[in-house]
Amino acid sequence: MIIKFKIVTNRDKAMIKSFVVFLDNIKHRHVTIRLCIMGILMLSVVIFVPGNLIGILIFSILGILFLFLGIFRHSIATAKIYKTICSDTEILINTYVFEDNGLSVYTNESLEKAGGSYKQIASFYENEKNFFILMNEDELYVLPKKDFVIGDVDEFRQYIETKICTKVIWTPEKPVNKFKKLLKRKGL
């Protein structure tokens, strides 16, 4: 078979953080802002409503906790996942090979499993730095744009779109691009 595209990635903290932020954008869109708002509201209760010392202490602790979780939740999730799937001694290298008949996934140069045919791709997403391919609604492949060994990023996008007969779903990571997407969706 002729290799159309080949991507070689390190499974490092940056890639795992991209995975966490992407899943947050898809499944839990507004959790971060809600946690921060809850923290601010709890702290404002302490400031604007005089009360007993125990109430002030409880609302202060909860407000700080909610703010902390809202600000650092991606970093906490990244550290937890990295600790679970990556050991410090082993460097995991994933190689994704795209051929005419489908996708193959290799881990540290050995075939982990055949990724499958293009018909198994449920969704195809893109942000500023990565492509995300969701296979069978349960496997997510993170493909950094900078890690293409064979093929071009723009050609890859067009190739996958024609193979799965759908357009890429743009899911920006940067706040400026999220705002632009919101304005475009609202027709402004």
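Scroll up a little and you will see the structure.
This section reports on the structure supplied with the text. (Residues numbered from 1 in each chain as written. Predicted model: local features only at pLDDT ≥ 70, side-chain atom pairs only at ≥ 80, totals over all residues. Heavy atoms only, no water.)

Together, Ile54, Ile58, Leu62, Leu65, Phe68, Leu69, Ile71, Phe72 and Ile76 give the surface a local cluster of nonpolar side chains, amounting to about 800 Å² of exposed area. Locating Leu69 in the fold gives a position in helix H3 (residues 53-85). (Patch = residues over 30% accessible without salt bridge, like charges linked within 9 Å, V, L, I, M, F, W, Y side chains within 5 Å. Areas by Shrake-Rupley, 256 points an atom, 1.4 Å probe, with all protein chains shown as cover. Salt bridge = Lys/Arg side-chain N within 4 Å of Asp/Glu carboxyl O. Helix = DSSP H or I, 4+ residues; strand = E, 2+ residues; numbered from the N terminus.)

Examined against the element boundaries, Gly70 turns out to sit in helix H3. Separated by 45 residues in sequence, Gly70 and Asn25 place their C-alpha atoms 14 Å apart. In this structure Gly70 touches Thr32, Leu35 and Cys36, once residues within four positions along its chain are discounted. (Contact = heavy atoms within 4.5 Å.)

It is worth spelling out the environment of Ser117 at this point. Positionally, Ser117 belongs in the loop between strand S4 (110-116) and strand S5 (121-126). The class for Ser117 is partly exposed, based on a relative accessible area of 30%. Linking Ser117 and Leu103, residues 14 residues apart in sequence, is a C-alpha distance of 6.2 Å. Once residues lying within four places of it in the same chain are set aside, the contact partners of Ser117 are Asn101, Gly102 and Met135. (Buried < 20%, exposed > 50% of the residue type's maximum accessible area, 1.4 Å probe, protein only.)

Turning our eyes to something else, we now look at unusual backbone geometry. Even without glycine at this site, Cys165 takes up a positive phi of about 60 degrees. Assignment of secondary structure puts Cys165 in the loop between helix H4 (153-164) and strand S9 (169-170). Looking at Cys165, the relative accessible area reads 70%, which means it is exposed.

Don't take any of this as a statement about function, it's just geometry.
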